[in-house]
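The primary structure of each chain is shown beneath.
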Amino acid sequence: MQTLQAVRGMNDVLPDEAELWLDFEATVQDWLARYGYRNLRTPLVEHTALFRRAIGEATDIVEKEMYSWRDELNDEDLTLRPEGTASCVRAAIEHSLVYDGPKRVWYAGPMYRHERPQKGRYRQFHQYGVEALGYPGPDVDAEHIVMCAALWRELGLANLRLELNSIGSPEERARYRAELVKHLEKHHDRLDADAKRRLQTNPLRTLDSKNPMVQEVVASAPSLLLYLGEASLAHFDALKRLLAAAGIEYRINPKLVRGLDYYNLTVFEWISPDLGAQGTVCGGGRYDGLFAQLGGKPTPATGFAMGNERLIALLRDSGRKPSSRPPHGYVIHQGEGTLEFALKLAEELRAQNLRIVLHAGGGGMKSQMKKADGSGALYALIVGEDELKAGEVSVKPLRSGGPQLRLAHDAVANALKGS
Ligand code: HAM
């Protein structure tokens with residue numbers, strides 16, 4: 001029979017690798033708590049209309065990357081979430097989360113985009129997302145960037161660079177858009193199919209085209225920054241001052257517009273040179289219009305999300321080993337009645353916070369001893385018929401040369417803890 005495999009672009013994470021994930025997650029969650037962010041959990045499935053409205057009809061995500069289907073049972077159009085900000089704002093509106101003041105929240109979990117899979121780009125990937133709801137900035141804009149820098153330091157990732165831009169207000173962007181379209185149309189013959197199509201729908205996306213010929217056309221286009229009004233410039237200047245004061249280095253990239261339509265003012269990306277084409281490990285920005293766009297009370301907000309697969313790949317490539325948590329003991333048992341005793345012993349030790357693996361699956365003393373060794377455990381805890389009669393356990397060190405001891409069963413925990 002043909003064996004079944006995981007869906008393309010959706011990865012298993014096997015235990016060796018998952019240990020690195022657990023370390024990463026523990027570090028990130030600790031860091032989030034230190035900045036006063038609280039967890040928010042939303043469903044993986046939302047109404048399709050949420051993402052269409054929030055992310056924008058003329059984006060890659062909505063045009064071609066969403067896993068959407070019609071739920072015939074309920075007559076609803078549903079979608080697996082391609083990102084977390086839309087759900088977060090939907091939940092905040094639905095539960096009046098910011099009625100008594102602004103909130104700092106984070107979320108984590110899988111996101112789904114039907115992209116062409118390649119290294120660093122998957123159809124199921126995982127994000128940590130951070131959102132500050134109800135803050136006009138630029139103070140929280142700076143907070144987000146500063147906290148990212150702190151996380152990279154803590155993870156030992158020295159090689160990430162920050163790109164920053166301000167894309168102004170919707171009105172400023174509309175004026176710029178008209179000028180950009182004029183410029184692109186002048187060079188119509190050098191645009192590719194995507195750029196031509198986007199002339200009508202989303203010309204700003206052409207600014208970060210990967211096509212060298214289109215990039216040349218874009219290089220001579222007017223800069224979006226020249227179209228910002230006083231208020232937008234003041235916001236951007238204040239942010240830059242705060243970053244300078246915090247000692248954060250950045251490059252202003254006037255072509256950085258991001259792939260989702262809800263942004264205004266601040267946008268940023270953290271990019272690694274070590275990941276090839278999929279080098280952006282974290283991206284975000286301000287989305288002051290999104291609450292109103294989804295039917296809520298106008299509420300300023302800003303946030304970012306990082307891609308776990310990309311960050312963990314950087315950790316792995318830098319030689320990071322997961323923190324080692326070998327079992328303290330591996331319980332071996334042989335003879336009539338010893339399994340019952342061993343089961344109880346293992347539970348007693350676990351209740352003392354020790355990591356204990358109980359041998360399962362039968363086999364002689366020698367083969368059980370081999371398993372104990374292979375488990376990485378620090379001690380073999382041997383229960384034979386002799387030990388059973390005396391209510392004792394033989395404790396054999398597996399990683400140090402010490403002597404084998406015979407201890408009363410209730411003295412084992414202290415011996416293991418003392419090791
Ligand atoms: P995004 O730039 O679409 O933003 O995604 C954020 C990060 O998720 C990316 O920088 C990347 O590391 C990771 N990522 C995205 N797509 C994939 C993929 N196919 N495979 C692997 N990793 C991927 C957002 O999602 C916004 N919601 C961020 C945000 C939060 N803006 C404001 N608040």
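All of these numbers come straight from a predicted model, not from anything done at the bench.

Q: Tell me about the state of the cysteines, and name the residues and values.
A: Per the counting criterion, the structure on display carries zero disulfides. Here Cys-88 stays unpaired: no disulfide links it, and the sulfur of Cys-282, its closest cysteine neighbor, is 15 Å away. Here Cys-148 is not cross-linked by a disulfide; its sulfur's nearest cysteine counterpart is in Cys-282, at 4.0 Å. Here Cys-148 falls in the buried class, since its relative accessible area comes to 0%.

Q: Can you break down the domain arrangement of the chain residue by residue, with the values?
A: Each assigned domain of the chain is listed with its residue range as follows: domain 1 (15–168 + 228–317) and domain 2 (329–418). Each of domain 1 and domain 2 has a C-alpha centre, and the two are 48 Å apart.

Q: Quick rundown of the site of the ligand? Include the residues and the values.
A: The immediate surroundings of the ligand are formed by 27 residues, with Glu-83, Glu-115, Tyr-122, Glu-131 and Tyr-263 found nearest. In this structure, Gln-127 approaches the ligand through a side-chain N or O atom, which is 3.0 Å from an oxygen atom. Here a nitrogen atom of the ligand and a side-chain polar atom of Glu-131 are 2.8 Å apart. In isolation the ligand has 650 Å² of accessible area, and contact with the protein removes 96% of it. Looking at the shell around the ligand, the elements that each hand over two or more residues are β6 (124–133), β10 (280–286) and β11 (301–307). Of all the elements, β10 adds the most residues to the shell around the ligand, at six residues. Per-class residue counts for the shell around the ligand are eleven nonpolar, nine polar and seven charged.

Q: Tell me about the sheet that holds strand β2 (residues 45–47), residues and numbers included.
A: As summarised here, the arrangement of the three strands in space is β2-β4-β3, forming an open sheet in which the pairing is antiparallel. Only two strands of the sheet have a single neighbouring strand rather than two, namely β2 and β3 (68–71). The mean inter-strand angle of the sheet, taken between neighbouring strand axes irrespective of direction, is 40 degrees. Bridge analysis of β2 against strand β4 (residues 76–80) gives three bridges, and the strand direction is antiparallel. Residue His-47 lies in a different strand from β4, and its bridge partner there is Leu-78. Helix-sheet contacts for helix α2 (residues 48–55) involve β2, β3 and β4, and the interaxial angle to β2 is about 75 degrees.

Q: Which residues make up a negative patch on the surface, and what are the values?
A: The grouping of Glu-336, Glu-340, Glu-385 and Asp-386 at the surface amounts to a negative patch. Relative to the assigned elements, Asp-386 resides in helix α14 (residues 385–390).

So, how was this worked out
Residues numbered from 1 in each chain as written. Predicted model: local features only at pLDDT ≥ 70, side-chain atom pairs only at ≥ 80, totals over all residues. Heavy atoms only, no water. Disulfide = S-S within 2.5 Å. Buried < 20%, exposed > 50% of the residue type's maximum accessible area, 1.4 Å probe, protein only. Domains from an automatic or database assignment. Near = heavy atom within 4 Å. Polar contact = N/O pair within 3.5 Å; in protein donor to acceptor, adjacent residues only side chain to side chain. Areas by Shrake-Rupley, 256 points an atom, 1.4 Å probe, with all protein chains shown as cover. Helix = DSSP H or I, 4+ residues; strand = E, 2+ residues; numbered from the N terminus. Nonpolar A, V, L, I, M, F, W, Y, C, P; charged D, E, K, R; others polar. Pairing = 2+ DSSP bridges. Axes fitted to C-alpha atoms, helices over the stretch in contact; angles between N-to-C directions. Contact = heavy atoms within 4.5 Å. Patch = residues over 30% accessible without salt bridge, like charges linked within 9 Å, V, L, I, M, F, W, Y side chains within 5 Å. Salt bridge = Lys/Arg side-chain N within 4 Å of Asp/Glu carboxyl O. Lys, Arg positive; Asp, Glu negative; His and termini not counted. Charge placed at Lys NZ, Arg CZ, Asp CG, Glu CD.

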